[in-house]
Amino acid sequence: MIIDPREFSELKNHLSEAVSDLEKKYSYAEAFFSEEEGLSIGVSDKETNINEIPARRGVVLNIFNGSYSCEIATSDTSEKGIASIVKNACATIPLTPEKYTLDPGNRLTRDFISSFKQNPSEIDLPSKLAELESIRQKTQHMSKRVVSTFVRYSEKVSRKIFVNRHRQLTQQLLRTACVPVVIVSDGMSSKINHAGNGKTAGYEIVNISDSILNQMVEEAESLLGIPPVEPGVYTLISGPGLSGVIAHEAFGHGVESDLFLKRRAKAVEFMGKSVASPLVNLYDSPAWPGEAGSYFFDDEGVIASETCIIEKGILKRAITDHRSSVLLNLPRTANGRRESFAKKVYTRMSNTYFGRGAQPLDDMIQSIDRGLFLPKGSNGMEDPKNWGIQAESPYAVEIKNGKLTDRKFAPIVITGFVPELLKSISMVGPEIEFEGMGICQKGHKEQVHVAIGGPFMKMRARVG
Amino acid sequence: MVDKIRSLLESNPEIHAWKLVHKYTRSDQLYLSFNDREAERCSHTASTQVTLFTRHRNTKGQYLQGSTFFEVPENDSRLEQRIDNAIARSRLQNNEPYDLTPSGLTYPEFNDADSEICQNPEKVLKQLETRLHDRAASYAKLSIPSSEFFLTYEKQRFLNSNGIDVDAERTKILWDIVLLYRLNGEESEFWNIFSRQGLSYFHLESDFEDFVTYAEDATHTAIPKSGKCPVIITGDALHILFQYFIFHSAASSRYNNAALFKPGAPVLKNAPAGDPLTMFSNPQHPGGSASYRFDGDALPGKRIPIIENGVLRQYWATKQYADYLGIEPTGDFGNIEISSGSTPWNDLIKATDRVILVVQFSTFDPQPIAGDFMGEIRVGYEYRANGEVIPLRGGSISGNVAVSMENCRFSKEMATFDHYYGPRGVRFESIQVAGE
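Here is what the cut-offs are and how they apply
- Residues numbered from 1 in each chain as written.
- Chains lettered and ligands numbered in written order.
- Predicted model: local features only at pLDDT ≥ 70, side-chain atom pairs only at ≥ 80, totals over all residues.
- Heavy atoms only, no water.
- Pairing = 2+ DSSP bridges.
- Helix = DSSP H or I, 4+ residues; strand = E, 2+ residues; numbered from the N terminus.
- Domains from an automatic or database assignment.
- Buried area = accessible area lost by both parts, 1.4 Å probe.
- Salt bridge = Lys/Arg side-chain N within 4 Å of Asp/Glu carboxyl O.
- Polar contact = N/O pair within 3.5 Å; in protein donor to acceptor, adjacent residues only side chain to side chain.
- Nonpolar A, V, L, I, M, F, W, Y, C, P; charged D, E, K, R; others polar.
- Contact = heavy atoms within 4.5 Å.
- Disulfide = S-S within 2.5 Å.
- Buried < 20%, exposed > 50% of the residue type's maximum accessible area, 1.4 Å probe, protein only.
- Core = buried A, V, L, I, M, F, W, Y, C linked by side-chain atoms within 4.5 Å.

*Asks:* Which residues make up the sheet that holds strand 12 (residues 307–311) of chain A, and what are the values?
*Replies:* All names here are of chain A. Across the sheet, which stays open at both edges, the six strands sit in the order 13-12-11-16-27-24 with mixed pairing between neighbours. Since the sheet does not close on itself, it has two edges, and those belong to strand 13 (314–315) and strand 24 (433–435), each with one partner. Sheet analysis places strand 24 next to strand 27 (residues 451–454), joined by three bridges and oriented antiparallel. Looking across to strand 27, one finds that Glu 433 is bridged to Gly 454.

*Asks:* How would you explain the domain arrangement of chain A if you had to name every residue and give the values?
*Replies:* Residue and element names in this part refer to chain A. Under the domain assignment, chain A is made up of domain 1 (5–222) and domain 2 (232–463). Measuring from the centre of the C-alpha atoms in domain 1 to the corresponding centre in domain 2 gives 23 Å. Buried surface at the junction of domain 1 and domain 2, both sides included, amounts to about 2900 Å², of which 54% is carbon and sulfur. Its largest share of buried area at the contact with domain 2, domain 1 owes to Tyr 100, Arg 175 and Glu 219, together 16% of the area lost on that side. Of the charged contacts, one joins Glu 219 and Lys 376 as a salt bridge, the two residues approaching to 2.7 Å between their closest N and O atoms. One can count 18 residue pairs in polar contact (both at pLDDT 80 or more) joining domain 1 with domain 2. Ranked by residue count, the leading element in the side of domain 1 that touches domain 2 is strand 7 (residues 167–185), at seven residues. When its residues are assigned to classes, the side of domain 1 that touches domain 2 shows 14 nonpolar, 16 polar and 11 charged.

*Asks:* Give a detailed account of the domain arrangement of chain B, specifying residues and quantitative values.
*Replies:* Residues and elements named next belong to chain B. Taken as a whole, chain B is organised into domain 1 (2–219) and domain 2 (227–434). Between domain 1 and domain 2, the residue contacts involve 37 residues of the former and 31 residues of the latter. For the pair domain 1 and domain 2, the summed buried surface comes to about 2900 Å²; carbon and sulfur atoms form 52% of the total. Applying the counting rule to domain 1 against domain 2 returns two salt bridges. Its salt-bridge partner being Glu 109, residue Arg 293 comes within 3.8 Å of it at the nearest N-O pair. Scanning the region where domain 1 abuts domain 2 turns up 15 residue pairs in polar contact (both at pLDDT 80 or more). Listed by contribution, the elements that provide at least two residues to the side of domain 1 that touches domain 2 are strand 4 (142–160), strand 5 (165–183), strand 6 (186–196) and helix 5 (204–217). With eight residues, strand 6 is the single largest residue contributor to the side of domain 1 that touches domain 2. Here the residues of the side of domain 1 that touches domain 2 are counted per class, giving 19 nonpolar, eight polar and 10 charged.

*Asks:* Give a description of the side chain of Asn335(A) that names residues and reports values.
*Replies:* Residues and elements named next belong to chain A. Considering the arrangement of structural elements, one finds Asn 335 in the loop between helix 7 (322–328) and strand 14 (336–337). Only 2.9 Å separates the side chain of Asn 335 from the side chain of Asp 284, close enough to count as a polar contact. A polar contact is formed between the side chain of Asn 335 and the side chain of Thr 333, at a distance of 2.7 Å. In contact with Asn 335, other than residues within four places in its own chain, are Asp 284, Tyr 295, Asp 298, Ile 319, Thr 320, Tyr 346, Thr 347, Arg 348, Met 349 and Ser 350.

*Asks:* Explain the environment of Cys42(B) residue by residue, including any values.
*Replies:* Relative to the helices and strands, Cys42(B) resides in strand 2 (residues 36–57). When the C-alpha atoms of Cys42(B) and Glu429(B) are compared, they prove to be 48 Å apart, with 387 residues separating the residues in sequence. Leave out the neighbours within four places in its chain, and Cys42(B) touches Glu71(A), Ile72(A), Ala73(A), Arg26(B), Ser27(B) and Asp28(B).

*Asks:* Quick one: what's the story with the state of the cysteines, residue by residue and with numbers?
*Replies:* Residue and element names in this part refer to chain B. Using the criterion set out here, one finds zero disulfides over all chains in the structure. As a non-bridged cysteine, Cys 408 has Cys 229 as the owner of its nearest cysteine sulfur, 15 Å distant. Note on Cys 408: relative accessible area 0%, which makes it buried.

*Asks:* Which residues make up the nonpolar core, and what values do they have?
*Replies:* By size, the foremost hydrophobic cluster in this structure holds 55 residues, and its most contacted members are Ile233(B), Phe242(B) and Phe245(B). Here this core takes four residues from strand 19 (residues 425–434) of chain B, the largest share from any one element. Summarising the domain contributions, this core has at least three residues from each of domain 1 (2–219) and domain 2 (227–434) of chain B. Dropping the residues within four chain positions of it, Ile233(B) is found in contact with Leu238(B), Leu241(B), Val358(B), Phe361(B), Phe364(B), Ile397(B), Arg424(B), Gly425(B), Val426(B) and Phe428(B). Counting 44 residues, the second largest nonpolar core, distinct from the first, contains Tyr234(A), Val245(A), Ala265(A) and Val280(A).

*Asks:* Explain the interface of chain A and chain B residue by residue, including any values.
*Replies:* With 78 residues of chain A at the interface, the matching set in chain B holds 76 residues. Of the roughly 6500 Å² buried between chain A and chain B on both sides combined, carbon and sulfur atoms contribute 49%. For chain A, the biggest contributors to the area lost against chain B are Lys46(A), Glu52(A) and Lys262(A); these three give 10% of the whole. Summed over the shared surface of chain A and chain B, the number is 16 salt bridges.

If you want it as structure tokens, here you go:
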């Protein structure tokens with residue numbers, strides 16, 4: 001799946017020539033190529049499906065005409081196809097008075113390949129099928145209330161080339177996911193649960209222990225017939241998954257600087273000010289190794305590094321794409337990302353997470369007389385203009401007199417005003433964990449890989 | 001490329017059957033921010049999606065089938081290798097066999113493509129930009145920080161080894177629009193994203209008027225009180241609300257032991273106190289975003305009753321799962337069509353104490369298997385018994401679709417939202433609200 005970067009040479013040369021030809025007329029041009037290759041496997045008790053992942057291969061040329069970006073994208077990656085775009089672009093894209101200039105960065109030529117322990121290509125397909133089927137069968141026989149089980153596995157190499165007048169970068173990212181799913185039923189209602197994860201990693205991700213599978217099934221069964229929560233404001237503990245949803249929705253989207261340009265983010269008024277408890281540190285880092293949102297450079301050729309967004313409760317920095325950083329005079333970060341060659345660049349998150357604290361989970365539980373423990377996160381939505389947040393959790397466990405009880409409630413949604421929520425954080429755990437399948441949309445479109453995470457955290461929030 | 005792939009598939013004795021879909025997509029995009037252009041884009045993509053089938057016998061002599069999908073990009077130099085790999089993959093699958101759709105079917109003369117978008121998308125984008133600016137010019141307190149138009153034209157050709165060779169064209173307009181309304185130094189935002197099939201279903205001016213109202217109302221909102229009360233859901237959330245009923249009435253769910261519904265039996269645990277549910281799969285609804293001439297197996301699009309008066313009439317089934325269950329295929333699920341109720345909209349919003357109308361959630365994604373739902377209110381109104389109407393923003397509702405549907409009423413008025421055609425509003429009599 002991983003190829004020798006020298007195989008990109010010819011295409012890189014075509015893209016370089018295209019950029020050079022375009023810059024004879026326009027002040028700035030860049031080229032971006034992306035493709036995906038891999039397999040998806042699904043096993044259920046009645047079916048096995050093995051399919052190739054759609055290639056989504058193509059090239060986009062981005063031409064800055066002085067005041068706005070003009071892009072032409074095509075799945076025809078031949079020399080002739082690329083040359084035809086250049087000709088067409090020069091004939092149709094107007095030059096306009098220059099409103100700002102774009103910076104090609106310093107000179108850099110690099111090839112990157114993500115690391116992994118076990119290369120999926122070195123394991124034959126029958127062995128993979130046998131292993132996935134073994135996971136499924138174990139799950140199927142863990143309870144009589146299991147009505148359906150399946151395992152979804154995927155291995156995908158994402159290959160990208162970025163070229164401008166100073167940079168020629170390539171990267172190959174191997175992303176692997178293995179997700180066992182169980183459906184349990186009491187005949188009248190059903191519940192679904194899953195385990196596993198999706199990461200920038202190799203086949204090692206398939207190593208899922210029996211205890212994790214057992215926990216997945218028991219958790220699903222325990223949710224059958226449980227009541228809804230009494231709405232109200234609760235002291236609660238968020239697990240790493242829910243902490244991650246809060247990080248992502250509360251301040252991840254809130255500091256995407258393309259929203260600053262559009263006056264869509266309240267955060268712009270609070271740079272350098274207190275927005276959270278002094279215990280709160282928040283980061284975005286594509287350079288964090290091995291997570292779903294990890295990469296070496298963004299889709300505008302900026303090398304990955306960590307951005308500290310909130311430090312000790314103070315809002316420090318936004319994340320940027322090229323256009324926003326120039327227009328707002330903000331430092332560039334490696335957050336200009338596209339869903340694929342066929343989509344536009346926006347400011348997007350990568351791996352977004354709360355930093356670690358010092359208080360263990362047990363101390364948090366013991367400190368609560370009446371509250372809720374929300375071990376998992378599931379979904380969420382941002383509202384950067386109003387600093388509202390919606391964060392969902394599949395269930396909550398009651399905390400009473402400093403102990404977890406057997407009572408559970410579902411479904412659970414947290415809503416509220418972001419600074420109020422973050423300022424209420426009173427305890428932060430020592431371990432950072434990432435959770436989730438790693439997909440984010442901008443609004444309701446433009447999917448990119450991300451990871452969310454953090455430690456256990458104690459806070460006050462409105463729960464419904 | 002199609003002819004080359006077809007020839008290789010037909011001449012390979014190891015391949016039992018095949019289907020292929022060639023897709024060409026053109027997307028023209030315009031990104032506006034305040035009074036400026038942020039970007040213009042045009043994207044052309046073409047690929048051929050191939051599914052091939054092999055058959056082999058197990059030790060008992062029964063036929064088993066494998067099938068596998070792969071996509072052939074433009075300029076692909078590894079076609080023969082891809083086919084060999086696909087044959088090897090399919091031989092590892094021991095699935096029940098099913099037959100591909102036979103030729104000789106009649107397809108509806110269904111035009112799902114807007115001729116202006118097909119022929120001159122650049123002109124359409126310019127017209128949309130002008131219409132938007134003209135409409136916005138009359139509102140001094142309003143600005144448009146972001147308006148993104150996406151025009152998509154797709155041409156599809158389907159072929160299979162039974163001799164089917166059909167094609168279809170479709171278009172789509174997607175609009176991602178943000179409005180800011182300034183009042184007393186404060187700005188409030190309204191954001192929406194939706195798609196329509198063509199210009200005749202895209203009512204920019206009237207939709208814009210509604211959005212301005214929502215943006216203006218957002219300057220003076222309240223959070224609802226906690227407790228149970230009637231809640232009406234309207235707008236684009238309706239096309240997601242019924243996912244639970246679609247999942248449990250699917251032949252694929254039945255085949256995988258995950259369906260709760262059985263033909264001839266009620267779909268709810270208790271007899272409904274309000275309107276019973278009647279649901280169709282309708283791939284021919286004009287302007288619906290899930291309309292199709294033929295589905296992924298080349299079955300013709302047909303309007304099919306799935307649930308009638310609260311009772312499952314039949315599973316909806318693709319060709320594969322219909323063969324597995326020994327039932328008639330209905331084709332893939334098209335637009336969701338829900339029959340209207342008898343309550344006029346003005347009666348639906350009447351309150352004895354209060355009724356909450358949710359126009360837009362922050363996000364709304366009911367769990368299709370369990371039916372659990374929750375959503376923060378992004379745009380809502382509280383109708384009170386004394387006639388007051390209070391704009392809402394914040395707070396949330398939660399519940400279970402299957403339980404809530406036992407006491408609900410559908411409006412008499414019908415509306416189309418994305419791939420939903422049905423009552424303009426659905427009123428649930430008792431929903432948990434978390435607010436102040």
